[in-house]
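Take a look at the letters that make up each chain.
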Amino acid sequence: MQAVAIIPARYSSTRFPGKPLVKIGSKTMIQRVYEAAKSVTSLADVIVATDDERIATHVRSFGGNVVMTAASHRSGTERCAEVVSTLTASPDVVLNVQGDVPFISPEHLRQVLNCFDQEGTQIATLIKKIDDLVTLDNPNIPKVVLDNRMRALYFSRSPIPYRRDTEKEHWHQGFHYFKHIGIYGYRSDVLQEIIKLPQGKLELAEDLEQLRWLEYDYAIQLAETTTESVAIDTPEDLSRVLGKMEGNKYLD
């Protein structure tokens, strides 16, 4: 199985313009993500996908591989699909790696790749158990309901399922709720199919792209992780991460 990782990276971000190029210690955010992905030896290639020449120039400066993509893409999924269409040989599996997780775990990428050892896997992603009510009740953290084959039944911003006859503050006790960790893997042919799908009513209701795939009957295989890496969405997020990691060797 040949697999590649693609890291979508935009310069224009409403909450944090220029985010991929922000320095974290001696390296930029995009370089840290790129190097983490490169450490996964089972990946045939790692490619940054961007519509901004400033990001492309920087990636080339540290020896990274970059492909320029259209500025009109609505999602990282679409950007990944364009990159694959430019490759001489289409890989079997494509990983969509978030470009704003500077200390992403290479093990997470391996876990997603391992899902494709199952022949029927079309799309794969990660989940993690929720162990506190604050996380469970946070609409910015998508929750996942899964079946007994570790496939996604539904994603929601709401805590699901509803626990009848149980006070809400105890919902996460005695029942395993899961949050979604946003790394995706796709079979190449499936990736080209899902970008052509029109938005469905579920995606429009919850603003979760993965609901489109479920609504059109694509299977999403899940792998469970016990760790997660912090995403940097705002300058405040960056300040918090740097404050927690002051003096850490990973900031060298």
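Predicted model only: the values in this text are computed from it and were never measured.

The rules we used
Residues numbered from 1 in each chain as written. Predicted model: local features only at pLDDT ≥ 70, side-chain atom pairs only at ≥ 80, totals over all residues. Heavy atoms only, no water. Helix = DSSP H or I, 4+ residues; strand = E, 2+ residues; numbered from the N terminus. Contact = heavy atoms within 4.5 Å. Core = buried A, V, L, I, M, F, W, Y, C linked by side-chain atoms within 4.5 Å. Buried < 20%, exposed > 50% of the residue type's maximum accessible area, 1.4 Å probe, protein only. Polar contact = N/O pair within 3.5 Å; in protein donor to acceptor, adjacent residues only side chain to side chain. Phe/Tyr/Trp six-rings, centres within 6.5 Å; stacked < 30°, edge-to-face > 60°. Lys NZ or Arg CZ within 6 Å of the ring centre and 35° of its normal. Salt bridge = Lys/Arg side-chain N within 4 Å of Asp/Glu carboxyl O. Pairing = 2+ DSSP bridges.

J.: With reference to specific residues and values, describe the environment of Ile 127.
T.: Locating Ile 127 in the fold gives a position in strand β7 (residues 123-129). It is 9.8 Å that separates the C-alpha atoms of Ile 127 and Leu 146, two residues lying 19 residues apart in sequence. Not counting the four nearest positions on each side in its chain, Ile 127 is found in contact with Val 144, Leu 146, Met 150, Phe 178, Lys 179, Ile 181, Leu 222, Ala 223, Glu 224 and Thr 225.

J.: Before we move on, could you go through the nonpolar core and cite the residues and values that matter?
T.: Core analysis: the largest hydrophobic core is formed by 32 residues, its most contacted members being Ile 7, Leu 43, Val 48, Leu 95, Val 97 and Leu 109. Taken together, the elements giving at least two residues each to this core come down to β1 (3-9), α1 (29-38), β4 (43-50), α2 (53-61), β6 (93-96), α4 (106-114), β7 and β10 (178-187). Element by element, the count of residues in this core is highest for α1, at 5 residues. Not counting residues within four places of it along the chain, the set of residues in contact with Val 48 comprises Ile 7, Ala 9, Ile 30, Tyr 34, Ile 55, Val 59, Asn 65, Val 66 and Val 67. In terms of nonpolar packing, the next biggest core, distinct from the first, is built from 29 residues, Val 84, Ala 152, Val 190 and Leu 222 among them.

J.: Pulling in residues and values, what's your account of the side chain of Thr 121?
T.: Assignment of secondary structure puts Thr 121 in the loop between α4 and β7. There is a polar contact of 2.8 Å between the side chain of Thr 121 and the backbone oxygen of Cys 115.

J.: Describe the packing of aromatic side chains, naming the residues involved and giving the relevant values.
T.: Two aromatic rings, taken as a pair, are described by how far apart their centres are and by the angle between their planes. Taken as a whole and assessed by the stated rule, the structure comprises 6 aromatic pairs. Seen in terms of ring centroids, Tyr 162 and Trp 171 are 5.0 Å apart; in terms of plane orientation they differ by 80°. Their pairing is edge-to-face. For Trp 171, a relative accessible area of 5% gives the class buried. An angle of 25° between the planes, with centres 6.2 Å apart, marks the rings of Tyr 184 and Tyr 186 as stacked. Given the relative accessible area of 0%, Tyr 186 is considered buried. Through successive ring pairs, a cluster of aromatic residues spans Tyr 184, Tyr 186 and Trp 213. Directly above the aromatic system of Tyr 11 lies the positively charged group of Arg 54, at a separation of 3.6 Å from the ring centroid.

J.: Describe the side chain of Ser 188, and please don't skip the residues or the numbers.
T.: Secondary-structure assignment places Ser 188 in helix α6 (residues 188-194). For Ser 188, the side chain forms a polar contact with the side chain of Ser 90, separated by 3.4 Å. In this view, Ser 188 contacts Val 84, Ser 90, Pro 91, Asp 92, Val 93 and Val 94; residues no more than four positions away in its chain are not counted.

J.: So, the pattern of salt bridges: which residues are in play, and what are the values?
T.: For the structure on display, the rule yields 14 salt bridges. For Lys 128, the salt bridge identified is with Glu 228, shortest N-O distance 3.8 Å. You can see Lys 128 sitting in strand β7 and its partner Glu 228 sitting in the loop between β11 (220-224) and α9 (235-244), a full 100 residues away along the chain. A salt bridge links Glu 215 to Lys 201; the shortest N-O distance between them is 3.1 Å. Taken together, the residues span a long stretch of sequence, with Glu 215 in helix α8 (residues 210-215) and Lys 201 in helix α7 (residues 201-206) at a distance of 14 residues.

J.: Any details on unusual backbone geometry? Residues and values, ideally.
T.: When glycine is set aside, most residues are seen to have a negative phi, and most peptide bonds are trans. In this model, Ile 160 is joined to Pro 161 through a cis peptide bond whose omega is 5°. Its location among the elements puts Pro 161 in the loop between β9 (152-156) and β10. A positive phi is found at Met 150, a non-glycine position, where the angle reads about 60°. Relative to the elements of secondary structure, Met 150 occurs in the loop between β8 (143-146) and β9.

J.: Go over the pairing of β8, please, and point to the residues and values.
T.: As a general feature of sheets, a regular strand has side chains that alternate between the two faces. With 4 bridges connecting them, β8 and β9 associate as antiparallel partners. In the strand pairing of β9, Val 144 is matched with Phe 155. Between β8 and β9, which follow one another and run antiparallel, lie 5 residues, and Met 150 among them has a positive phi close to 60°. Bridging between β8 and β10 involves 2 bridges; their strand directions are antiparallel. Residue Val 144 lies in a different strand from β10, and its bridge partner there is Phe 178.

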